[in-house]
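# An overview of the molecular structure
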Amino acid sequence: MTYAITQTCCNDATCVAVCPVNCIHPTPEERAFGSTEMLHIDPRACIDCGACADACPVDAIFPVDSLSAGQREYADINAAYYEGAEPLVAEVDGPNFHAWGEPVFERSLPSDFGPLRVAVVGTGPAGMYAAQDLLLHTAAEVTLIDRLPVAGGLVRYGVAPDHPATKKVGDTFSRFHSHPRVRMHLGIEVGRDVTAEELSAHHDAVIYAVGASTDRRLGVPGEELPGCLSATAFVAWYNAHPEAVAQGVDLSAERVVVVGNGNVALDVARILVADPEALAATDIAAHALDALRASRVREVVVLGRRGPEDAAYTRSELLALKHVPGVELVVDDHDPRTAAAIDAAGAGDRAGVLKGLARVPTAAESPAGGERRIVLRFHSEVVEIRGEGDAVGSVRVTDGGGDGDGGTADLGAGLLLRAIGYRGLPVPGLPFDETSGTVPHEGGRVAGVPGSYVVGWIKRGPSGGIGANRTCAAETVGALLADAVAGELPAPAGDAKAFRRLARQRNRRIVDARGLAAIDRAERDRGRRDGRPRVKLATVEELVATARAGRLLRLTR
């Protein structure tokens with residue numbers, strides 16, 4: 001028996017480090033790492049020890065003989081990755097079937113290297129991987145800062161609620177929230193409560209992990225109509241983000257158009273037509289669950305500007321979409337290039353996953369009643385969003401013609417979600433590249449601002465999943481430590497106590513680690529009453545009040 005890596009692989013390579021026979025690839029040292037959608041276990045070399053499954057932070061690794069019906073194809077996917085690869089190294093002295101590279105020690109700290117005081121702005125995966133690196137490998141004291149009064153970032157507010165295994169990476173990060181060398185200040189915004197200069201004045205270095213919190217625009221007529229939303233806002237709405245409008249999404253129409261075909265587009269399409277009772281067992285926002293139970297949506301049309309061979313979603317997410325209970329997945333056949341690409345695709349190609357799916361035309365109006373379905377429409381762009389009263393009534397899109405000049409068609413729809421990419425926002429006090437939506441840097445060092453560093457999407461743009469932040473953080477932390485050894489970090493004027501005093505003077509509603517623990521307990525308690533993993537507090541006021549109440553309760557015991 002061998003193990004296989006499945007859909008929820010986060011690519012952070014924790015499994016690679018614990019494999020005793022080096023049978024999980026690509027490794028972070030290999031050129032293909034970061035360009036493959038997932039890691040793969042070589043079934044010829046796996047010794048069935050289970051170390052990788054124990055280490056996986058997102059429960060993506062299972063014995064092949066225990067895979068569910070929807071996961072069985074991953075055994076073939078893992079094996080196919082090694083087809084045509086170099087022969088197993090049989091002559092090595094030992095039990096390993098893959099050759100090991102020479103040991104590499106990328107960092108070298110002097111024996112008298114003292115503790116640093118580092119602020120990490122942002123508690124999502126990028127920031128927490130950086131904090132983890134510092135805490136595990138140095139004696140650094142870390143100040144965790146977030147503009148929201150709760151930690152988690154993308155894990156809490158970006159991962160779809162029906163992907164609970166992916167959310168488990170948050171458990172890995174949460175163990176550092178109460179670390180003895182961590183001080184947590186949640187609810188502080190750089191540029192509003194404290195400046196970047198003040199932050200630097202109280203720390204040896206500052207790492208910004210603020211992500212990419214806004215979205216890109218379509219730039220077509222009608223985009224300002226009510227009912228035309230960003231997928232960013234929709235994801236925030238169903239994940240109970242405190243800045244999302246609780247009753248702000250109208251699901252009274254039978255068809256929704258989603259523009260874009262990345263993983264976020266598939267997420268929102270799946271949530272729109274999923275069985276609400278299945279979602280009731282997740283941590284989806286209570287207001288979103290109520291709205292989905294009353295929803296009339298039966299069809300979601302996912303528009304892709306390019307063909308199926310160039311789609312931005314990962315193959316694993318598309319495979320999962322084929323197994324959503326009660327939802328039919330079909331391909332729109334308006335353009336002959338779509339069918340040609342699918343027919344010519346190999347088994348390991350993205351387009352090859354679409355073989356065997358029904359190919360149907362998308363009518364002007366959604367089918368009345370019937371089963372729920374998701375329609376993948378390629379080679380199609382939005383030309384105009386047309387209103388009906390004061391809301392979206394239809395979407396005009398390019399239609400047909402292998403030469404790309406086949407005219408337009410109108411699709412009746414009451415809601416349009418644009419999922420065409422995230423974009424970073426400027427951080428007051430730091431340089432900003434308007435074209436890329438990132439902070440200019442060299443290996444993580446902020447250009448022209450000594451002692452300041454970036455990690456995650458604000459560093460490299462909105463690309464790569466959760467696990468990609470691990471190697472990204474390692475590069476940034478490595479640069480920070482190299483600068484510290486070289487004596488290039490500016491000396492701070494204030495200490496940790498002075499910063500804590502400054503922060504509380506500027507914002508009286510700061511949530512610390514004890515307050516965060518109180519929020520977690522309250523949400524889990526609410527979830528137990530409803531048979532759910534947790535019921536999230538959905539407003540800043542609820543979060544702050546719960547944090548304060550929890551702290552007072554502990555103090556009075």
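Scroll up for the structure.
Quick look at the structure, then. (Residues numbered from 1 in each chain as written. Predicted model: local features only at pLDDT ≥ 70, side-chain atom pairs only at ≥ 80, totals over all residues. Heavy atoms only, no water.)

When you line up the elements, Gln132 lands in helix H4 (residues 125-137). Judged by relative accessible area, Gln132 falls into the buried class, the value being 11%. Excluding residues that lie within four positions of it along the chain, Gln132 makes contacts with Thr172, Arg175 and Phe176. (Helix = DSSP H or I, 4+ residues; strand = E, 2+ residues; numbered from the N terminus. Buried < 20%, exposed > 50% of the residue type's maximum accessible area, 1.4 Å probe, protein only. Contact = heavy atoms within 4.5 Å.)

Before going further, it helps to examine the packing of aromatic side chains. Counted by the stated rule, this structure contains five aromatic pairs. Seen in terms of ring centroids, Tyr81 and Tyr82 are 5.2 Å apart; in terms of plane orientation they differ by 85°. Their pairing is edge-to-face. On the basis of relative accessibility, which here comes to 5%, the residue Tyr82 falls in the buried class. Ring plane angle 85° and centroid distance 5.0 Å describe the contact between Tyr129 and Phe173, whose orientation is recorded as edge-to-face. (Phe/Tyr/Trp six-rings, centres within 6.5 Å; stacked < 30°, edge-to-face > 60°.)

Evaluated as defined, the whole model comprises 35 salt bridges. Among the ionic pairs, Asp59 bridges to Lys168, the shortest N-O distance being 2.6 Å. Taken together, the positions of Asp59 in the loop between helix H2 (51-55) and strand S4 (61-63) and Lys168 in the loop between helix H6 (164-167) and helix H7 (169-174) put the pair 109 residues apart, joining distant regions of the chain. On the basis of relative accessible area, Asp59 is assigned to the partly exposed category, the value being 30%. Lys168 gets classed as partly exposed once you look at its relative accessible area, which sits at 37%. The partner of Asp267 in a salt bridge is Arg270, and the shortest N-O contact between them spans 3.0 Å. Separated by three residues within a single helix, Asp267 and Arg270 lie in helix H10 (residues 263-273), roughly one turn from each other. (Salt bridge = Lys/Arg side-chain N within 4 Å of Asp/Glu carboxyl O.)

The geometry of H4 relative to helix H16 (residues 468-485) is characterised by a closest axis approach of 8 Å and an angle of 50° between their N-to-C directions. On the basis of their axis angle, the class for H4 and H16 is oblique. For the crossing formed where H4 meets H16, the hand is right-handed. Here Pro125, Ala126, Tyr129, Ala130, Asp133 and Leu134 of H4 lie close against H16, whose contacting residues are Asn469, Arg470, Ala473, Ala474, Val477 and Leu481. (Axes fitted to C-alpha atoms, helices over the stretch in contact; angles between N-to-C directions. Parallel < 35°, antiparallel > 145°, perpendicular 65-115°, else oblique. Left-handed = near helix turned anticlockwise from the far one by under 90°.)

Time to look at the sheet that holds strand S18 (residues 408-412). Consider a sheet: its strands pair through backbone hydrogen bonds, and that pairing is either parallel or antiparallel. Read across the open sheet, the three strands follow the order S16-S17-S18; overall the sheet is antiparallel. Pairing within the sheet leaves two strands with one partner each, and these edge strands are strand S16 (382-388) and S18. Between one strand axis and the next, the sheet turns through 25° on average, direction left out of account. Of the strand pairs in this sheet, S16 and strand S17 (residues 391-398) are connected by six bridges, and their pairing is antiparallel. Residue pairing for S17: Val382 is matched across the bridge by Val397. (Pairing = 2+ DSSP bridges.)

All right, on to a positive patch on the surface then. A contiguous patch of positive charge on the surface is contributed by Arg183, Lys497, Arg500 and Arg501. Sort the elements by how many residues they give to the positive patch and helix H17 (residues 496-506) lands first, with three residues. In this fold, Arg183 is placed in strand S7 (residues 182-186). (Patch = residues over 30% accessible without salt bridge, like charges linked within 9 Å, V, L, I, M, F, W, Y side chains within 5 Å. Areas by Shrake-Rupley, 256 points an atom, 1.4 Å probe, with all protein chains shown as cover. Lys, Arg positive; Asp, Glu negative; His and termini not counted. Charge placed at Lys NZ, Arg CZ, Asp CG, Glu CD.)

Because an α-helix completes one turn every 3.6 residues, residues spaced three or four positions apart along the sequence face the same direction. Regarding helix H14 (residues 336-344), the residues found buried are Thr338, Ala341 and Ile342. Taken end-on, H14 shows its buried residues confined to a sector of 95°, consistent with a single buried face. Exposed and oriented more than 90 degrees from the buried face of H14 are Pro336 and Ala344. In the core, the buried residues of H14 are packed alongside strand S13 (327-332) and strand S14 (359-360). (Arc of directions from axis to C-beta.)

Viewed as axis vectors pointing N to C, helix H9 (residues 231-238) and H10 meet at an angle of 50°, and their least axial separation amounts to 10 Å. One way to sum up the angle between H9 and H10 is to call them oblique. The crossing of H9 and H10 is left-handed. Each of Ala231, Phe234, Val235 and Tyr238 in H9 lies in contact with H10, whose residues at this interface are Val264, Asp267, Val268, Ile271 and Leu272. Classifying every residue of the contact of H9 with H10 by side-chain character gives eight nonpolar, no polar and one charged. (Nonpolar A, V, L, I, M, F, W, Y, C, P; charged D, E, K, R; others polar.)

The next subject is the side chain of Ser316. Relative to the helices and strands, Ser316 is located in helix H13 (residues 315-321). Classification of Ser316 as buried rests on a relative accessible area of 6%. The contacts of Ser316, once residues within four sequence positions are left out, are Gln7, Glu37 and Tyr74.

Of all hydrophobic cores here, the largest spans 118 residues; its most connected members are Ile24, Ile207 and Tyr238. What Tyr238 contacts, discounting residues up to four positions off in sequence, is Ala160, Pro161, Asp267, Val268, Ile271, Ile284, Ala285 and Ala288. Formed by 21 residues, the second largest nonpolar core is a distinct cluster that contains Ala119, Val427, Phe432 and Leu502. (Core = buried A, V, L, I, M, F, W, Y, C linked by side-chain atoms within 4.5 Å.)

Before going further, it helps to spend a moment on unusual backbone geometry. Residue His25 is joined to Pro26 through a cis peptide bond whose omega torsion reads -5°. When you line up the elements, Pro26 lands in the loop between strand S2 (24-25) and strand S3 (40-41). Its identity as a non-glycine residue notwithstanding, Asp48 has a phi of 65°, on the positive side. Within the secondary structure, Asp48 is located in the loop between S3 and H2. Its identity as a non-glycine residue notwithstanding, Ala240 has a phi of 60°, on the positive side. Among the secondary structure elements, Ala240 is positioned in the loop between H9 and strand S11 (255-259). The exposure class assigned to Ala240 is buried, which follows from its relative accessible area of 1%.

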